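Working through the structure, step by step
Spelled out from the first residue to the last, the chains are:
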Amino acid sequence: MRRVDVSLVGFGVVGKGLARLLLTRREWLQEQRGLDMRLVSVASARSGCIYAEDGLDIAGLLALAEQRRPLTELAHTRYFSSTLAGIEALKSDILVEATGTNLRDGEPGLSHIRAALSRGQHVVTANKGPVALAGLELLQLARQNGVQLRMESTVMAGTPVLSTALEGMAGAQIITTRGIVNGTTNYILSAMAEGRDYAEVLADAQARGYAEADPTADVEGYDAVAKAMILSTLLFQQPLGAEQVARTGITGVTREQVQHASEVGKRIKLIASVRRMSGGEVEARVEPVALPLSDPLAHVVGAMNALTLESETLSSVTVIGPGAGSIETGQGLLADILAIAGI
């Protein structure tokens, strides 16, 4: 039995999703993979950082979170007042960074990842900010310290699109990638195709939890821009600033436009596209596009996501799956952890 110790930073929707998977999959990992995976520390802005050398009581942690009680109430733990203090004092095998995305400067996640990589710790992240803003720098820092940085959950949650592109399609030179990478906007546009108005559908999406009270990041395309930046960095080794991604959201799309597209055999989708130009430069766009029904992306409905990868050797590969959710995003984190562990 090989032991792998995991530290988790961020105990919100995503962090709790991973914790539930570590709890429910623990016996399976032991029996089928010979892996004893332990969550040894958890840090949050509210509770600081708690640590237990032999592993935290995950069920107890989840119960405290459900009751909105401080995680420090968990028995038999060591306490650090700040996340960075915990990262610098503790040595687990893998740090999972699951704090909220900040696309202005990537903090505090960027500092957490830099600190862990600098001290020779593998890092897995679901945080889009640090990867969008400093992905190449962080990958270089990981190489310099002989560790891995993995980020499957930053694009399409647990749907394995980055590993498909980087590992499953290794050796295939990707020319273009384009896809539906925001579930909120796809849900809205899919419902509008049924004859409903934007405002009505947005309210419905908010009631269902698909859209935030302030939906700007989704409906104006900023979330998709961040994912286009990540794809440019990882697939083309070309970092882009947000201002270098042409952006048009869906707030200007009318029911009449959606219905007209349907009448001529098309469907409007918010598409993030990144392609390498003939001169080597990269062009990235986020915009509503009327897709012909022959395009597999045209058939992706509801809150689902999809990404098409075009290369010289495999022509076109499309990956479709959920792009958000607690357990779904936690699955992407778990897959990255297992890849680092060599499972």
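Whatever comes next refers back to the structure up there.
Throughout what follows, the structure given in this document is the object of discussion. Everything numeric here is computed off the predicted structure, so don't read it as measured data.

As a further point, take the sheet that holds strand S5 (residues 94-97). If you trace the 7 strands from one edge of the open sheet to the other, you get S4-S3-S2-S1-S5-S6-S7, paired in mixed fashion. On the outer flanks of this sheet lie strand S4 (78-80) and strand S7 (149-150), each paired with one strand and no other. Bridging between strand S6 (residues 122-125) and S7 involves 2 bridges; their strand directions are parallel. By the bridge assignment for S7, Val124 is matched with Arg150.

Turning next to the packing of helix H1 (residues 13-24) against helix H3 (residues 58-66). Viewed as axis vectors pointing N to C, H1 and H3 meet at an angle of 150 degrees, and their least axial separation amounts to 9 Å. Handedness of the crossing formed by H1 with H3: left-handed. Contact residues: H1 offers Lys16, Ala19, Arg20, Leu22 and Leu23, while H3 offers Ile58, Ala59, Leu62 and Ala65. In terms of residue class, the contact of H1 with H3 is built from 7 nonpolar, no polar and 2 charged.

Let us look at the packing of aromatic side chains. Summed over all chains, the structure comprises 1 aromatic pair. Between Tyr187 and Tyr210 the ring centres are 4.8 Å apart and the planes differ by 65 degrees, which places this aromatic pair in the edge-to-face class. Note that Tyr187 is positioned in helix H8 (residues 183-192) and Tyr210 in the loop between helix H9 (198-208) and helix H10 (216-219), a separation of 23 residues in sequence. Assessed through its relative accessible area of 37%, Tyr210 is described here as partly exposed. Sitting over the face of the ring of Trp28, Arg25 holds its NZ or CZ atom 4.6 Å from the ring centroid.

What follows deals with the pairing of S5. Consecutive residues of a regular strand have side chains that alternate between opposite faces of the sheet. Both faces of S5 are covered, namely the face carrying Ile94 and Val96 and the face carrying Leu95 and Glu97. Across 4 bridges, the pairing between strand S1 (residues 2-9) and S5 is parallel. Counterpart to Leu8 in the pairing with S5 is Val96. Where S5 meets S6, 4 bridges bridge the pair, whose relative direction is parallel. Residue pairing in the sheet places Glu97 in a bridge with Thr125 of S6. Handedness of the crossover joining S5 and S6 through helix H5 (residues 109-118): right-handed.

Once that is clear, we can look at the environment of Ala207. With respect to the helices, strands and loops of the structure, Ala207 is situated in helix H9. Between the alpha carbons of Ala207 and Ala75 there is a distance of 37 Å; along the sequence they are 132 residues apart.

A separate point is empty space enclosed by the protein. Under the defined criterion, the tally for this structure stands at 1 cavity of 30 Å³ or more. By volume, the largest cavity is sized at about 80 Å³. In this structure, the largest cavity is lined by 14 residues; those nearest its centre are Ser7, Ser41, Gly86, Ile87 and Leu95. Contributions of two or more residues to the lining of the largest cavity are made by S1, strand S2 (35-44) and helix H4 (83-89).

With that out of the way, let us pick up the environment of Gln140. Following the sequence through the fold, Gln140 ends up in helix H6 (residues 128-144). Take Gln140: its relative accessible area is 34%, and that puts it in the partly exposed class. Residues Gln140 and Leu117, 23 residues apart in the sequence, show an inter-C-alpha distance of 9.9 Å. In this structure the side chain of Gln140 is engaged in a polar contact, spanning 3.0 Å, whose partner is the side chain of Arg143.

Calculation criteria
- Per chain, residue numbering runs from 1 following the sequence as it is written.
- With the structure being a predicted model, the display of local features is reserved for residues of pLDDT at least 70 and the display and counting of side-chain atom pairs for 80 or more, all residues being used for whole-chain, interface and lining totals.
- Derived side-chain values reflect all non-hydrogen atoms in the structure, with water molecules and hydrogen atoms excluded from consideration.
- For two strands to be treated as a pair, DSSP must find no fewer than two bridges joining them.
- Secondary structure elements are taken from DSSP: a helix is a run of H or I of four residues or more, a strand is a run of E of two residues or more, and numbering for both begins at the N terminus.
- Lines are fitted to the C-alpha atoms to define the axes, a helix being fitted only along its stretch in contact, and any angle between axes, read from their N-to-C directions, falls within 0 to 180 degrees.
- By definition, any crossing whose near helix is turned counterclockwise from its far helix by less than a right angle is left-handed, and any crossing with a clockwise turn is right-handed.
- Should any heavy atoms of two residues lie within 4.5 Å, those residues are counted as being in contact.
- Residues are sorted three ways: Asp, Glu, Lys and Arg are charged, Ala, Val, Leu, Ile, Met, Phe, Trp, Tyr, Cys and Pro are nonpolar, and all the rest, Gly among them, are polar.
- Note on aromatic contacts: the rings of Phe and Tyr and the six-membered ring of Trp form a pair at centre separations within 6.5 Å, being stacked when their planes are under 30 degrees apart, edge-to-face when over 60 apart, and tilted otherwise.
- Three exposure classes are used, based on accessible area relative to the maximum for each residue type with a 1.4 Å probe and protein chains only: buried under 20%, partly exposed in between, and exposed over 50%.
- Note on geometry: a ring has a charge over it if NZ (lysine) or CZ (arginine) is within 6 Å of the ring centre and within 35 degrees of the ring normal.
- Crossover handedness is defined here as right-handed if the route from the first strand over the helix to the second strand goes clockwise, with the strands pointing away from the viewer.
- Both cavities and pockets are sets of points on a 1 Å grid over the protein atoms alone; in a cavity a 1.4 Å probe fits but cannot get out, in a pocket the set is open with protein on both sides within 12 Å along at least five of seven lines, and lining residues sit with an atom within 4 Å of a point.
- Grid points are joined across faces, edges and corners, and a volume is the space filled by probe spheres set on the points.
- In the analysis that follows, any N or O atom pair within 3.5 Å is treated as a polar contact, provided that within protein one partner can donate a hydrogen and the other can accept it, and provided that, for residues neighboring in sequence, both atoms belong to side chains.

Everything listed here is a matter of geometry and, on its own, says nothing about what the molecule does.
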